[in-house]
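# Observations on the three-dimensional arrangement
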Amino acid sequence: MRLNEALTEAAVAAGVRIVNGARTVGVRVEDGVVKGVTVATAGAAREYLGDAFVLATGGFEAGALALDSFGAVTETLFGLPLAGAEGPLIHGDYWGAEQPLFKVGVRVAKDMRVVDGSGAVVHPNLFAAGGDVYKRQTRSRCRPRRPHRERWSRPPPDAPPERPPDRPGTASGSRWRS
């Protein structure tokens with residue numbers, strides 16, 4: 001929380017307008033440059049103009065990405081090209097590995113500008129952060145994940161039984177024989 005507050009204060013001091021909780025309903029792009037965004041507000045829509053914009057609308061959970069009945073995934077605001085939308089997006093192991101659908105997102109360059117599949121910048125003043133960013137790209141910067149340990153799996157039939165933990169009020173091992 002303190003980091004978020006510090007970054008927010010620094011951004012506001014630099015002249016950044018942060019609009020939280022507003023649903024963006026339109027964009028204005030002229031000659032490939034984003035000029036403004038329109039948000040739904042109480043009473044009427046309002047357009048915000050600016051020199052740079054950060055796409056931080058969330059992933060599927062927030063409605064920023066949509067999946068149609070034919071399996072096509074789209075970014076709902078700008079119609080940006082997406083990465084990770086190839087192949088099956090949902091597998092049948094619902095409690096196992098992460099669904100590929102939740103890795104889909106926009107590609108970004110090192111400076112977080114949105115790029116297409118060839119690495120060309122889509123809009124020079126549009127950046128992306130958070131749930132909108134392609135997950136495989138961001139994972140590579142993190143340390144490797146530990147292998148998943150099955151918490152509820154049964155031991156193999158030939159494995160020796162595990163010693164149960166001692167319970168309060170019983171002598172150590174008094175109810176267990178090897």
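In what follows, the structure referred to is the one given above.
This report concerns the structure included in the present document. This one's a predicted model, so the numbers in the text were calculated from it and none came from an experiment.

### Brief notes about the overall build of the chain
When helices and strands are tallied, the chain shows two helices and nine strands. Along the chain direction, N to C, the helices and strands of the chain fall in the order α-β-β-β-β-β-β-β-β-β-α. Of all 178 residues assigned to the chain, the portion counted as buried reaches 20%. Across the chain, contacts joining residues at least 24 apart in sequence account for 38% of those joining residues at least 6 apart.

### Section: the sheet that holds strand β2 (residues 33–40)
The strand order β1-β2-β3 describes an open sheet built from three strands, whose pairing is antiparallel. The open sheet terminates on both sides in strands that have one partner only, identified here as β1 (23–30) and β3 (45–49). Strand-to-strand twist of the sheet, defined as the mean angle between neighbouring strand axes without regard to direction, takes the value 25°. Two elements, β2 and β3, share five bridges in a ladder whose sense is antiparallel. From the neighbouring strand, Thr38 faces β3, where its bridge partner is Glu47.

### Considering unusual backbone geometry
Keep in mind that most residues, glycine aside, have a negative phi and that most peptide bonds are trans. One non-glycine residue with positive phi stands out, namely Asp31, at about 55°. Within the fold, Asp31 resides in the loop between β1 and β2. The backbone of Met112 sits at a positive phi, close to 70°, despite the residue not being glycine. Residue placement: Met112 occurs in the loop between β7 (107–108) and β8 (114–115).

### Structural notes on the side chain of Glu75
Turning to its location among the elements, Glu75 is positioned in strand β6 (residues 73–75). Glu75 has contacts with Leu55, Ala64, Leu65, Leu80 and Leu82, leaving out every residue within four places of it along the chain.

### Examining the nonpolar core
Counting residues in hydrophobic clusters, the biggest one holds 21 residues, and the most contacted among them are Val73, Leu80, Val104, Val106, Leu126 and Ala128. Of all the elements in the fold, those that place two or more residues in this core are β2, β4 (53–55) and β9 (126–128). Top contributing element to this core by residue count: β2, with three residues. Setting aside residues up to four positions removed in sequence, Val73 forms contacts with Phe60, Leu65, Ala66, Leu67, Leu82, Ala85, Leu89, Leu101 and Val104.

### Comments concerning the environment of Leu67
Its place among the elements puts Leu67 in strand β5 (residues 65–67). Given the relative accessible area of 35%, Leu67 is considered partly exposed. Placed 34 residues apart in sequence, Leu67 and Leu101 show a C-alpha to C-alpha distance of 9.0 Å. Those residues in contact with Leu67 that sit more than four places away from it in its chain are Phe60, Ala72, Val73, Leu89 and Leu101.

### Digging into the pairing of β1
Summarising the sheet, β1 and β2 pair through seven bridges and their orientation is antiparallel. When the sheet's bridge partners are listed, Val29 is paired in β2 with Val34. Linking β1 to β2, which pair antiparallel, is a turn of two residues; within it Asp31 sits at a positive phi near 55°.

Reading guide: rules and limits
- Residues numbered from 1 in each chain as written.
- Predicted model: local features only at pLDDT ≥ 70, side-chain atom pairs only at ≥ 80, totals over all residues.
- Heavy atoms only, no water.
- Helix = DSSP H or I, 4+ residues; strand = E, 2+ residues; numbered from the N terminus.
- Buried < 20%, exposed > 50% of the residue type's maximum accessible area, 1.4 Å probe, protein only.
- Contact = heavy atoms within 4.5 Å.
- Pairing = 2+ DSSP bridges.
- Axes fitted to C-alpha atoms, helices over the stretch in contact; angles between N-to-C directions.
- Core = buried A, V, L, I, M, F, W, Y, C linked by side-chain atoms within 4.5 Å.

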